[in-house]
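Commentary on secondary and tertiary structure
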Amino acid sequence: MASTERRSTHRDELVFLPLGGTGEIGMNLNLYGFGPEDDRKWIIVDLGVTFGDERTPGVDLIMPDPAFIEERRDELLGIVLTHAHEDHIGAVAHLWPRLRCPVYATPFTATLVRAKLIEEGIESDVPMNVVPLGSRFALGPFDIELVTLTHSIPEPNALAIRTPLGLVLHTGDWKIDPNPLVGDEMDVKRLTEIGDEGVRAIVCDSTNVFSPGSSGSEADVAKSLVEVIRACPQRVAVTTFASNVARLESIAKAAAACDRRVVLVGRSMFRVVGAAQDAGYLADLPPFLTEHDAGYFPRDKVLYLCTGSQGEPRAALARIVEDTHPNIALSEGDAVIFSSRIIPGNEASIFDLQNRLAERGIRVITERDHFVHVSGHPCRDELARMYQWVRPQVAVPVHGEARHIAEHAVLARELQVPEAVVLRNGLMLRLAPGPAEVIDEAPAGRLYLDGEVLIDADEGAIQERRKLAFAGAVFVSLVLDKDGKVRGDPQVRLMGLPEEDGRGVSFEDCALDAIDAALDRLPPKRRGDDDAVAELLRRAVRGALRREWGKKAQVEVAVIRI
C-alpha cells in the first residue's frame, strides 16, 4: 500500500486551486498543492477542453490557461485523469509540452489520450502511466487511491487523495447507476470505508444539483430504446455522444433486438468504439458495419449510429441532413433519435438541425418525446447519498456554473456538512490546517486553439472576428504623390455590408463621398503624413456609414505614396 512521503510540518498547507471547470461546465483543470507556500508540491487532476461557439469564430477548442502551474512545473508531480470525457482529457496533448510531467490514467482513458498524443506527434515524449482500476499510488506527499464510480463512460474514478493534513475525495463526474451496462458497479463499500477513515473535504460534481430525485439507469434507457426503434418502419439514425460507451452498447443491443445492423457514422464513433474494444468493452455485440456496408441492407434492417447530437456543422448528422455525406442518406419516412441532452448554448444549432429534418418528412425523436436519455451526473438524491457515505467536513462544489455551485453549497449545508465553500476559477482554497479559507487568487484565463495555434483569449484576433461578423469591413486604398495630391480615384471594397441604405443610396458611394469631404478639409501640409491621412479617412468613412446604417463597420485604409 502506498504511503505519504513525509509528515506534516507546522508550515505545511493543503490547498485546492481550480483553473477551469468551476463556474462553468467543461474545461476542467484542478490543482492540489501540499507544503509551505515557498516549497509546495503540486498535482493536476484532469485537463480538459470546451468547444468554441458563435462568440469565438474560427475557434474549435477552448482550454484553461495553465500559466500558474507552468511557472511551477519543477514542483509538478503529475497529471491524474479521472475519466475520458473531452472536458477532462481534451487539453492534455495541447498543454503537455508546457507542463512536461507524467500522466496517470486507467486503461480506457489512457488509450484515448494516447491517440491524441500520436496526432500531436508527442507520444514518445509523454510518460504515460497506465494504472489499474482500484489501484493506489504515491506522488510525493499525495497518496492517491482510485475509487470506482458509475458514469456515462467506462472507468470513471473518484480520487481519494491522502496527505499528512487529511484526505480529500475528488469525485470527478459520476452518478449512481445500480445497473451499469458497461464497467463495474459503484464501489459504495469503499466510499463508506473512506468516510469512516475521515474525509477532510469532498470536491464534487454539481451539474444536476437543481434536478430532484435520481438520474436513472442506463439499463432502463436500453429497454425503452427497443420499443422506440421497433416502432420505426424505415431507416433509423441514432445520434448521441460518442464517448457515452454505455449508450452505444444500449443502442447496439436495441438494434439487434429489432433485427437491425448498426452502422458507425463519424470518425469519433470509430475512435471511441475502437478504444473501448481494446480495453475489453463492447465485446458481446454483433460486429459494427462501416458506412460502405450500409447500402447492402434493406431500409428496415439498418441503424445508423451517428455523431452530431449537438448540431455540430461538421459532424456526421449535419452532413447527412445537407446531403453532403458520401455514403449515408435519409429520406421521408425515416427517423432520427436524439439520445442525448442539449448542452446549454447549443440550442439554436440543434433546433435548426431538427427543423431541417422535419421539413424533409423525417421523424425527429428526442428525450422530450420518449425515454431515450438519462444523465451521467448526480441529481439531488444521489448527492445526498454520496454525502451520507463520505461524511466530509468541507464541501467544495465544482463542475458547474455559478448558480449550480451556489445551490450545491446550500444543499451541502442542509445535509449537515459543517463547511461549504463557493469558489470560482482562480481562487486558492486552503483546506488544512484550520477552517477552509480562500487565501490567494491565481490567474485563470483561457487559451483558444485557432487552427493549429494556441492563442491567449485576450489577443485581438477573435475580438476583431466578432466585430467583422457583426458589422462587416470596408477596405479603402488611396494613391497620393509626393506633394499630397490624389492620383486616380480612391478604391473602396465593402465586405459584409448591404449594398445600399433604405433610401437606395449606395454604401460605396457614401464611403467615397466621405473620403472626398475629408480630403477637402485636410490642409496640404498634413498630407505628407501617411498615418494621419489613413486615420482621418478611417474615421470619416466609419462615421458616415454609422450615420446611414447604424452600425460601426471595421474600416482599414491603405495610403500608397508614389
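Residues numbered from 1 in each chain as written. Predicted model: local features only at pLDDT ≥ 70, side-chain atom pairs only at ≥ 80, totals over all residues. Heavy atoms only, no water.

**Digging into the overall build of the protein chain**
Stated precisely, the cut-off is as follows: Put simply, DSSP marks the helices as runs of H or I at least four residues long and the strands as runs of E at least two long, and each gets a number from the N terminus on. Note on exposure labels: buried denotes an accessible area under 20% of the residue type's maximum, exposed denotes more than 50%, and partly exposed covers the range between, all computed with a 1.4 Å probe on protein chains only. In this tally, Lys and Arg are treated as positive and Asp and Glu as negative; His is ignored, and so are the chain termini. Charge positions come from single atoms, namely NZ of Lys, CZ of Arg, CG of Asp or CD of Glu.
The secondary structure content of the protein chain amounts to 15 helices and 29 strands. Based on the C-alpha atoms only, the size of the protein chain along its principal axes is roughly 85 × 70 × 50 Å. Evaluated residue by residue, the protein chain yields a buried proportion of 54% over its 562 residues. Counting 64 positive and 86 negative side-chain charges, the protein chain places the centres of these two groups 3 Å from one another.

**Here we look at the packing of aromatic side chains**
Applicable threshold: Aromatic rings from Phe, Tyr and Trp, with only the six-membered ring used for Trp, were paired whenever their centres fell within 6.5 Å, and each pair was classed as stacked if the ring planes differed by under 30 degrees, edge-to-face if by over 60, and tilted otherwise. Lysine NZ or arginine CZ positioned within 6 Å of the ring centre and within 35 degrees of the ring normal marks a charge as sitting over the ring.
As enumerated under the stated definition, the model contains five aromatic pairs in all. Plain terms: the ring middles of Tyr 104 and Phe 137 are 5.0 Å apart, the flat faces sit at 10 degrees to each other, and that makes the pair stacked. Remark: Phe 137 occurs in strand 10 (residues 136-139) and Tyr 104 occurs in strand 8 (residues 103-105); sequence separation between them is 33 residues. Residue Tyr 104 shares its accessibility class with Phe 137, and that shared class is buried. A cation sits over an aromatic face here: Arg 72 above Phe 68, 3.7 Å from the ring centre.

**Quick look at the sheet that holds strand 20 (residues 394-398)**
The criterion, for reference: Paired strands are those between which DSSP finds at least two bridges. In what follows, residue pairs with any heavy atoms lying within 4.5 Å of each other are defined as contacts. Between the N-to-C directions of two axes lies an angle of 0 to 180 degrees, each axis being a line fitted to C-alpha atoms and, for a helix, fitted only over the stretch in contact.
Across the sheet, seven strands lie side by side as 10-11-12-13-14-20-22; this open sheet has mixed pairing. The open sheet has two edge strands, strand 10 and strand 22 (419-420), and neither has a second partner. Direction of pairing for strand 11 (residues 142-148) relative to strand 12 (residues 157-163): antiparallel, over a ladder of six bridges. Among the inter-strand pairings, Val 147 is bridged to a residue of strand 12, identified as Ala 158. Seen against the sheet, helix 5 (residues 188-197) touches strand 11, strand 12 and strand 13 (166-170) and runs at an angle of roughly 145 degrees to strand 11. In this fold helix 12 (residues 402-414) packs onto strand 14 (201-205), strand 20 and strand 22, with an angle of close to 155 degrees to the strand it touches most, strand 20.

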